[in-house]
Amino acid sequence: MRKASIIGRNLSLGYSKGNMKKEILNGLEFELFSGEMTCLLGPNGVGKSTLVKAVLGQLKPFRGEVLLHKKTISEYSNEELAKELSVVLTEPFLPGNMTVVQLVAMGRIPHTGWTGKLEEKDKEVVRNALLATKIEYLRDERLSEISDGQRQKALIARALAQDGKVMVLDEPTAHLDLVNRYEIMHLLREIAKTQGKSILVVTHDLEIALETADRFWLLNCGTPLISGLPEDLVISGQINQLLPGKKFHFSVEKGRIELENQKRKLDISGPEDLVSWVSKALEKAGFKELDEVIEVSENPFSLSYKGLVYSRIEEFIEAKL
Ligand SMILES: Nc1ncnc2c1ncn2[C@@H]1O[C@H](COP(=O)(O)OP(=O)(O)OP(=O)(O)O)[C@@H](O)[C@H]1O
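The following paragraphs examine the structure supplied in this document. (Residues numbered from 1 in each chain as written. Predicted model: local features only at pLDDT ≥ 70, side-chain atom pairs only at ≥ 80, totals over all residues.)

Turning our attention to the site of the ligand. In the vicinity of the ligand, the contacting residues are Tyr15, Lys22, Ile24, Gly42, Asn44, Gly45, Val46, Gly47, Lys48, Ser49 and Thr50. Of all the elements in the fold, those that place two or more residues in the shell around the ligand are strand E2 (20–33) and helix H1 (48–55). In terms of residue count, the dominant contributor to the shell around the ligand is H1 (3 residues). (Near = placed C-beta within 6 Å. Helix = DSSP H or I, 4+ residues; strand = E, 2+ residues; numbered from the N terminus.)

Pairing between strand E14 (residues 294–297) and strand E15 (residues 302–305): 3 bridges, direction antiparallel. Across the sheet, residue Glu295 finds its bridge partner in E15, namely Ser304. The loop that links E14 with its antiparallel partner E15 comprises 4 residues; one of these, Asn299, has a positive phi angle of about 50°. From the end of E15 to the start of strand E16 (residues 308–310), which pair antiparallel, there are 2 residues, and Lys306 there has a positive phi angle of about 50°. (Pairing = 2+ DSSP bridges.)

Moving on to unusual backbone geometry. Each neighbour pair has its own omega, and for Asn299 with Pro300 the value is 0°, a cis peptide bond. Looking at the element boundaries, Pro300 is found in the loop between E14 and E15. We note that Asn299 has phi near 50°; this positive angle belongs to a residue other than glycine. Following the sequence through the fold, Asn299 ends up in the loop between E14 and E15. The backbone phi angle of Lys306 is positive, close to 50°, even though this residue is not glycine. Looking at where Lys306 falls in the secondary structure, it is placed in the loop between E15 and E16.

What follows concerns the nonpolar core. Core analysis: the largest hydrophobic core is formed by 64 residues, its most contacted members being Leu40, Val104, Ala157, Val168 and Val201. With residues up to four places along the chain from it excluded, the contact list for Val201 reads Met37, Cys39, Leu40, Leu169, Pro172 and Leu188. With 7 residues, the next largest nonpolar core counts Ile294, Val296, Leu303 and Ile313 among its residues. (Core = buried A, V, L, I, M, F, W, Y, C linked by C-beta atoms within 7 Å. Buried ≥ 20, exposed ≤ 12 C-beta atoms within 10 Å, placed from the backbone. Contact = placed C-beta atoms within 7 Å.)

In space, the 4 strands of this open sheet follow the order E2-E1-E4-E5, with antiparallel pairing throughout. This sheet does not close on itself; its edge strands, each paired only once, are E2 and strand E5 (71–72). Lying over the sheet, H1 contacts strand E1 (4–17), E2 and strand E4 (63–68), oriented at roughly 120° with respect to E1. (Axes fitted to C-alpha atoms, helices over the stretch in contact; angles between N-to-C directions.)

A word on the pairing of strand E6 (residues 85–88). Side chains Leu85 and Val87 project from E6 onto one buried face, and the interleaved Ser86 and Val88 project onto a second face that is buried too. Note that E6 and strand E7 (residues 166–170) share 4 bridges and pair parallel. Counted as the bridge partner of Ser86 is Met167 from E7.

Moving on to the environment of Ile317. Following the sequence through the fold, Ile317 ends up in helix H11 (residues 313–320). Since 16 C-beta atoms lie within 10 Å of it, Ile317 is described here as partly exposed.

What follows is about helix H7 (residues 178–195). Taking 1.5 Å per residue as the helical rise, H7 with its 18 residues ought to reach 26 Å, and the 26 Å between its terminal C-alpha atoms agrees with that figure. Every buried residue of H7 is listed here: Arg181, Ile184, Met185, Leu188, Ile191 and Ala192. Buried residues along H7 cover an arc of 120° about the axis, so they all sit on one side. Opposite its buried face, H7 presents the exposed residues Leu178, Val179 and Thr194, each directed more than 90 degrees away. Looking at the buried side of H7, the elements it contacts are strand E3 (36–41), helix H5 (120–132), helix H6 (148–162), strand E8 (198–202) and helix H8 (206–212). One or two residues past the end of H7 sits Gly196, with phi positive at roughly 65°. (Expected span 1.5 Å × (residues − 1). Arc of directions from axis to C-beta.)

Structure below.
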C-alpha cells in the first residue's frame, strides 16, 4: 500500500499585494508518495515554483490545505519542518572556501542546533550522505574548486544529511551535461527507493524524467494537475499537455518531442531505428521527395539508391546536392 507524505487538498495558490490577490493555481489536488521520485513538469510561468513553495509551507494557500504526514503544514514550527523537509534550490551563491564535507555537515543543523557540534551519529549520517552521492573522494575539496555537477551532488548530499522524509528539488540538473543529468536523476530515484523518501523534482528535462521518474505531475494553465505513471501519460496522450499548440507532438514511438511536420515524408525502407536517423538527416538537408525508395541496411551500415551504394548519409547528401 502506497503512503502519501504530502497531500494537497482543493488548493488555491497565489500572491497578495495589499488588498489585491493574484491567483495562480486553483482546485489543486495531489499526493506525494513515499519511496517514489515524482517529477513536476509544466511550461514556464505555470506555477511550479508556487506549488513547491506551498508544499514547503512557505506560501499560505488562499484556500484548501497542505498536509504533511496528515497534519496541516502550518501547524509545524520551522524547526520541525527543517527535520521533515529537505530542499535543494538553485543556489547561485555558496561560500567558495567551504569544503564539501562542511557543506554536507550543514544539513545536520536542524538536528544539532546552530552550535553545529556533530555527535558521532551525525558524523555517520554525513559520511553516508557522501557515500550515497558518490562524492566521498571530494570531501576536503573547496566548493570553488569542484565542477557544477559535483557541487550539485554536494547540495543533494547536504539534503540527505538533513534526513527529512521528504526531499524537494527545484531544477537540480539545470546547467549540467547529459551524463550528470542522468546520473543525478538516477541517484535521486535510487535514494527514494532505498531510503523510502518522497522526492519531488521540478524539471524541464522531459526525456530524462521519462527514463527515471516513478510518477509525473503535469501542470498546465487552466487544467487540473495530472498525476500518473509517465508511461500511462504517454500512452493516453496526456503528455501532449506539456506542448504548446499544434506545432509539436510527442512521438510515442521515439519517446521524444518532434515538430509536427517532422513526421516522415521520404520513402525509406530498412531497420526502423536506422530509417529514423536517415530520414532526420535528409530532412535537415532539405530533401522533400525522392524518385525512388532508399534502402537502408545495417552491419555494415549502407544506403542504396538507384543502383549506387553509400556508406555514410553525408556521402549520399553530397552526391545529390
Ligand atoms: N512573489 C511573487 N509575487 C507575485 N507573483 C509571482 C511571484 N512569484 C511568482 N509569481 C507569478 O506566479 C506565476 C507562476 O510563477 P512560478 O515561478 O511559480 O512559475 P514556474 O512554473 O515555476 O516557472 P518557471 O518554469 O519559469 O520556473 C508567474 O506568473 C509569476 O509571475
